[in-house]
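Coordinate inspection notes
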Amino acid sequence: MSYFRSHLSVKLFVSYLLVILIGMSAIWITTRFTTPSAYARHLQFMEEQMLGGGMMGPGHGRRGVLADFYRNYQTSFNESLFIAFVMASAVGLVASYALSQSIIAPVQRMKNASRRIAEGHYDERVPLHGADELSQLAASFNQMASQLEQVEAMRRRLIGDVAHELRTPLTAIKGSAEGLMDGVLPAARETYQQIHIEAERLNRLINDLQELSRVESKAIELDIRPVDVSRLIQTVTKRMQFQFDEKRITLTRSLPRDPILVLADEDRTLQVLTNLLGNALQYTPEGGNVTMTVEREKHTAKFTIRDTGVGIPAEHLAHIFDRFYRVDKSRSRAHGGSGVGLTIAKHLVEAQGGKIRAESAGENKGSAFVFTLPLG
Ligand SMILES: Nc1ncnc2c1ncn2[C@@H]1O[C@H](COP(=O)(O)OP(=O)(O)O)[C@@H](O)[C@H]1O
Ligand SMILES: [Mg+2]
């Protein structure tokens, strides 16, 4: 039974068989009931003819009686066969209609649902019964619909978030310009500098958004090849050392003695490291420590960037990689963070076949960002 329910081909085959059986049964039952009465009628007709014309009328030999007998039998059989044919056709028609409806109905429901979705009703779903191919199709259809619903919700939220993010620096620029026009703000170097800073922030935000849209739509091309980890670490240290020195934060590295090769895109991995180091620098007060560690694991290289900074409260840890998510909105924004750096980093790591996570013992207890890349 369950095999029957889970295979459309079996269902169709059995349906055809059922229609044939129903038709055959209709023929059998009809002929069974109609043949005797038709035969009796024809016999009676013959009898009347015989009696009217004498038992053995002229020209009627024994052969003639048998021929009449046979003809009458044939006529009565044909008559009942005709009725049976009509009956079987009618029953077959009804049965085929009912059976095909039961198969077509779910397809029709899906057709209607897809039309509703195309019109923008993303909450549309089709009911699920059984386990055959059509039900599996319905399940996939529902899955697709809920994914579309999620994408749509994400798109709406994104537009809202972007509008909000753009408004903040624009409001500042507008405020300064108005202050200048009204003479409230002095036409001094400082005022122009403030406007420039805000414009710069806007620029950075737009660049980040562009990068985010590229990584989210997987439009970046990765140039995956074996990369020497110690060279990666050296390059990123060289790039960032000055900023660490400036803030008087110690940057230490810890690498295994044996060289490690990872299968990765060098530039993208540098981008991830720069991003994580940039955050460590930003969220660690002066005099703190940041360590960069690489360890070899079974199939991956594990990179850890640990700081002694402000830490991340447990309730925020799960959201830290969401776009525009910041633990402390005002502080982060004041430092020019757009809240998408970690989102981009996560996409980049995952696109290279790795994983990334954040750890923190709590506020002011420092944080660690750990990501993996496949070994080369
Ligand atoms: N090393 C860190 N220490 C503490 N908090 C961090 C650290 N890195 C990231 N965060 C938190 O995660 C948020 C998101 O980081 P990110 O995506 O880089 O955005 P941004 O730095 O632009 O604010 C930050 O706003 C901050 O609250
Ligand atoms: Mg950042």
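Below you will find a few notes about this structure. Predicted, not measured: the structure shown is a model, and the values here were computed from it. (Residues numbered from 1 in each chain as written. Chains lettered and ligands numbered in written order. Predicted model: local features only at pLDDT ≥ 70, side-chain atom pairs only at ≥ 80, totals over all residues.)

1. Here we look at the sheet that holds strand E4 (residues 289–296)
Rules: When DSSP finds two or more bridges between two strands, those strands count as paired. Every helix listed is a DSSP run of H or I at least four residues long, and every strand listed is a run of E at least two residues long, numbered separately from the N terminus. Fitted lines through C-alpha atoms serve as axes, helices being fitted only where they are in contact, and the angles separating the N-to-C directions of these axes extend from 0 to 180 degrees.
Spatially, the 5 strands line up as an open sheet ordered E2-E4-E5-E7-E6, and their pairing is mixed. The strands lining the two open edges of the sheet, one partner per strand, are strand E2 (250–254) and strand E6 (356–360). Sheet twist, expressed as the mean angle between neighbouring strand axes with direction ignored, is 15 degrees. Alignment of E6 against strand E7 (residues 367–374), held across 5 bridges, turns out to be antiparallel. Looking across to E7, one finds that Ala358 is bridged to Phe369.

2. Comments concerning the site of ligand 1
Convention followed: As a rule, any residue with its backbone-derived C-beta atom within 6 Å of a molecule or strand is reported as near that molecule or strand. Classification used: nonpolar for Ala, Val, Leu, Ile, Met, Phe, Trp, Tyr, Cys and Pro, charged for Asp, Glu, Lys and Arg, polar for all others including Gly.
Taken together, 22 residues sit near ligand 1, with Arg326, Val327, Gly337, Gly341 and Leu342 positioned nearest. For the shell around ligand 1, the secondary-structure elements that each account for two or more residues are helix H7 (266–282) and helix H10 (341–351). Split by residue class, the shell around ligand 1 holds 9 nonpolar, 10 polar and 3 charged.

3. Considering unusual backbone geometry
One non-glycine residue, Phe324, adopts positive backbone phi at about 65 degrees. Among the secondary structure elements, Phe324 is positioned in the loop between helix H8 (314–317) and helix H9 (329–334).

4. Let's talk about the pairing of E7
Pairing between strand E5 (residues 300–307) and E7: 7 bridges, direction antiparallel. Bridge assignment links Phe303 to a residue of E7, and that residue is Phe371. Between E6 and the antiparallel strand that follows it, E7, lie 6 residues; Gly362 among them carries a positive phi value of about 135 degrees.

5. Section: H7
Spelled out, the test is: Take the residue count of a helix, subtract one, and multiply by 1.5 Å to get its expected span. Exposure classification rests on a simple neighbour count of other C-beta atoms within 10 Å of a residue's own: a residue reaching 20 or more is buried, one at 12 or fewer is exposed, and one in between is partly exposed. C-beta atoms are placed from the backbone.
Here H7 contains 17 residues, and its C-alpha end-to-end distance of 24 Å stays within 8% of the 24 Å for a straight helix at 1.5 Å per residue. Three or more residues of H7 are buried, namely Arg268, Thr269, Val272, Leu273, Leu276, Leu277, Asn279 and Ala280.

6. Structural notes on helix H6 (residues 229–246)
Worth spelling out the cut-off: Here contacts are defined at the residue level, using C-beta atoms placed from the backbone and a cut-off of 7 Å between them.
In this model H6 runs 26 Å from its N-terminal to its C-terminal C-alpha over 18 residues, within 8% of the 26 Å that 1.5 Å per residue would give. Those residues of H6 hidden inside the fold are in contact with strand E1 (225–228), strand E3 (261–264), H7, E4 and E5. Backbone geometry just after H6 places Arg248 at a positive phi near 55 degrees.

7. Details of the packing of H7 against H10
The criterion, for reference: Crossing handedness: left-handed means the near helix sits turned counterclockwise from the far one by under a right angle, and right-handed means the same turn made clockwise.
Interhelical geometry of H7 versus H10 gives an angle of 145 degrees and a closest axis separation of 9 Å. For the pair H7 and H10, the crossing hand works out as left-handed. Across from Arg268, Gln271, Val272, Asn275, Leu276 and Asn279 in H7, the residues of H10 making contact are Gly341, Ile344, Ala345, Leu348 and Val349. Along the lines of polarity and charge, the residues of the contact of H7 with H10 split into 6 nonpolar, 4 polar and 1 charged.

8. Description of the nonpolar core
Rule in force here: We define a nonpolar core as a collection of buried residues of the types Ala, Val, Leu, Ile, Met, Phe, Trp, Tyr and Cys that are connected via C-beta atoms lying within 7 Å of each other.
Counting 34 residues, the largest nonpolar core has Val272, Leu276, Leu277, Ile305 and Ala345 as the members making the most contacts within it. Once residues lying within four places of it in the same chain are set aside, the contact partners of Val272 are Ala345, Leu348, Val349 and Phe371. Counting 5 residues, the second-largest nonpolar core is a separate cluster that includes Val126, Leu134, Ala138 and Phe141.

9. With respect to the packing of helix H5 (residues 189–216) against H10
Condition: An angle below 35 degrees is read as roughly parallel, one above 145 as roughly antiparallel, one from 65 to 115 as roughly perpendicular, and any other as oblique.
Running from N to C, H5 and H10 point in directions that differ by 30 degrees, and their axes come no closer than 10 Å. On the basis of the axis angle, H5 is roughly parallel to H10. When the axes of H5 and H10 are compared, the crossing they make is left-handed. Two secondary-structure elements touch here, H5 through Glu211, Leu212, Val215 and Glu216 and H10 through Thr343, Ile344, His347 and Leu348. Tallied by class, the residues present in the contact of H5 with H10 amount to 4 nonpolar, 2 polar and 2 charged.

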